[in-house]
Structure formats: C-alpha cells, structure tokens
Amino acid sequence: MRKIGMGRGAVTAYPRQLESLIRLSEAHARMRLSNVVEELDVNEATRLHKEAIKQSATDPKTGQIDMEILMTGMSASSRAKRTELGKFLIQTLKKCQPIL
C-alpha cells in the first residue's frame, strides 16, 4: 500500500483501511474453515484491497491512483484544472469593460 502513494507525500494507510484488512483476513480464514488467520489470508486480503483501490481510485486522466477521488469525489488533477480555470475567468473578467 505504501508504494501506491510514494513520492507524493501522501498518507497511504488510514486506520479504517487497516481495520478493513483485518476483517478481510479474518473472513478469508473463515472461508477456509479456519479459526486462525494465517499469512496467506493476510496476503489475499492485501491483494483484494489493492485491487479495490485500483478500481475505485484511479484517475482516468492520469492513470495514477488518487485517494482524493474516494474522499472528495474529485481527483487532484480535476481540482487543479478547476482552480486554474477559475483564476483564468477572474483575470478575464477583470480585463473586460463593464457594460452599462
């Protein structure tokens, strides 16, 4: 999980995500009819978690994983473009003569 967000200074594992990994590991162990969570259960839970993040948090414009999509519904690249457009519009409106 840490490799996914490296290089951008992002926090990549929140307590909720860690708790979900524990629950997935326990569920996988139960599917094997075991009362003990083993390394293979943790590995499968990690694989499932990574795949879920890839499918739900991949920015279609950049192809990179962006956790902001999950938290805000908008990718960082979309937010940056929106901010840039807003600044451009403000500058353009300041240049225009008022219509009386």
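Trainee: Break down the overall build of the protein chain for me, citing the residues and quoting the values.
Mentor: For the protein chain, the helix and strand inventory stands at 5 helices and 0 strands. For the protein chain, the α and β elements follow one another from N to C terminus as α-α-α-α-α. Expressed as a percentage of its 100 residues, the buried residues of the protein chain come to 22%. Looking at the protein chain alone, contacts between residues at least 24 apart form 22% of all its contacts between residues at least 6 apart.

Trainee: For the side chain of H28, give the residues involved together with the corresponding values.
Mentor: One can find H28 in helix α2 (residues 15–31). The buried category is assigned to H28, whose relative accessible area is 18%.

Trainee: Talk me through α2; I want residue IDs and the actual numbers.
Mentor: Between its first and last C-alpha atoms α2 spans 24 Å; for 17 residues at 1.5 Å apiece the expected length is 24 Å, and the two agree. Looking at the buried side of α2, the elements it contacts are α3 (39–57). Downstream of α2 by a residue or two, L33 has a phi angle that is positive, lying close to 65°.

Trainee: I'd love a proper account of unusual backbone geometry, names of residues and values included.
Mentor: In this structure, L33 takes a positive phi of about 65° despite not being glycine. Along the chain, L33 turns up in the loop between α2 and α3. By relative accessible area, which is 80% here, L33 ends up exposed.

What counts, and at which threshold
- Residues numbered from 1 in each chain as written.
- Predicted model: local features only at pLDDT ≥ 70, side-chain atom pairs only at ≥ 80, totals over all residues.
- Heavy atoms only, no water.
- Helix = DSSP H or I, 4+ residues; strand = E, 2+ residues; numbered from the N terminus.
- Buried < 20%, exposed > 50% of the residue type's maximum accessible area, 1.4 Å probe, protein only.
- Contact = heavy atoms within 4.5 Å.
- Expected span 1.5 Å × (residues − 1).

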